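Coordinate inspection notes
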Amino acid sequence: MAPVIPRSGDAIFASVERVNAELFTLTYGAIVRQLLTDLEEVEEVNKQLDQMGYNIGIRLVDEFLAKSNVSRCIDFKETAEVIAKVGFKMFLGVTASVSNWDADGTCCSIILEDNPLVDFVELPDTCQGLYYCNVLSGVIRGALEMVSMKTEVTWVRDMLRGDDAFELQVKLLKQVPEEYPYKDDE
C-alpha cells in the first residue's frame, strides 16, 4: 500500500465546506462587541477571547489531524511550520510564515500578512488595549496542548494597532510526555 502523503493547506482548503467569509467576520465581530458590552474591561475581554480560542483549539486539532494526513511532527520547528502553512490555510484560507527563532528553537513568530477576522474592523479609542484576534492565540495554545506541547502565545504586532503585520509569538514552555492508560506489555 502506498504511504499516505500529507495534503497541502491549499488542497484541504479547496475541499472543505466553508461558510461565507463576510458572515464569519461579522459574526466574530458581534461576539467581540457583545463581550465588550458584557465584561466592560478590555483585559477581561482579552482573557475571554483567549479562553474561547483555547476551547476551539482543543477540538479543532482532531479535525486538522483527520483531514490533513499530517504525520507526527519531529520537533517544535516542524510543528510551527505545519501550523503556519497547513493549519492557517485550512481553517482561515491564509498562509502564515514562521520566523524569528531563538537559539534553542523553542520560541518563534508566526506572521500573518492577511487576517480575515479583521475585515470591516476599526478599533475605537476606548478599545486600544484590546487584542481583537486573541481567539487565534487561544486556538494555537489549545491545539498544541492536545499534541503534548505546553505553550505561551502572545501578540507582538497587530495591524489594528498600526503595525505592518499580525505577529504571534509562540513559546514552547515544555514538551509534555504522553501518558497511556495501560501498559502494552501486560
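Procedures and definitions
Residues numbered from 1 in each chain as written. Predicted model: local features only at pLDDT ≥ 70, side-chain atom pairs only at ≥ 80, totals over all residues. Heavy atoms only, no water. UniProt positions renumbered as here; feature names shortened; annotations may be inferred. Helix = DSSP H or I, 4+ residues; strand = E, 2+ residues; numbered from the N terminus. Buried < 20%, exposed > 50% of the residue type's maximum accessible area, 1.4 Å probe, protein only. Contact = heavy atoms within 4.5 Å. Pairing = 2+ DSSP bridges. Axes fitted to C-alpha atoms, helices over the stretch in contact; angles between N-to-C directions.

With an unreviewed UniProt entry as reference, the protein chain is termed Trafficking protein particle complex subunit, source organism Carya illinoinensis. Listed under Function (unreviewed entry) in UniProt, the entry text for the protein chain is "May play a role in vesicular transport from endoplasmic reticulum to Golgi." Recorded under Sequence similarities (unreviewed entry), the UniProt text for the protein chain is reproduced unchanged: "Belongs to the TRAPP small subunits family. BET3 subfamily."

Counting through the fold element by element, L35 comes out in helix α2 (residues 21–39). L35 gets classed as buried once you look at its relative accessible area, which sits at 13%. Note: C-alpha distance between L35 and Q48 (13 residues apart in sequence) is 8.0 Å. Beyond its immediate stretch of four places on either side in the chain, L35 contacts E40, V45, Q48, L49 and M52.

Next up on the list: the sheet that holds strand β1 (residues 96–99). Spatially, 4 strands are ordered β1-β2-β4-β3 in an open sheet, and the strand pairing comes out antiparallel. Edge strands, defined here as strands with exactly one partner in the open sheet, are β1 and β3 (149–157). This sheet shows a mean twist of 25° between the axes of neighbouring strands, independent of strand direction. Sheet topology note: the strand β2 (residues 107–112)/strand β4 (residues 166–175) ladder contains 6 bridges and is antiparallel. Counted as the bridge partner of C107 is K171 from β4. Sheet strands in contact with helix α4 (residues 76–92) are β1, β2, β3 and β4, and its direction is about 160° off that of β1. Running over the sheet, helix α5 (residues 134–146) touches β2, β3 and β4 and is turned about 160° from β3.

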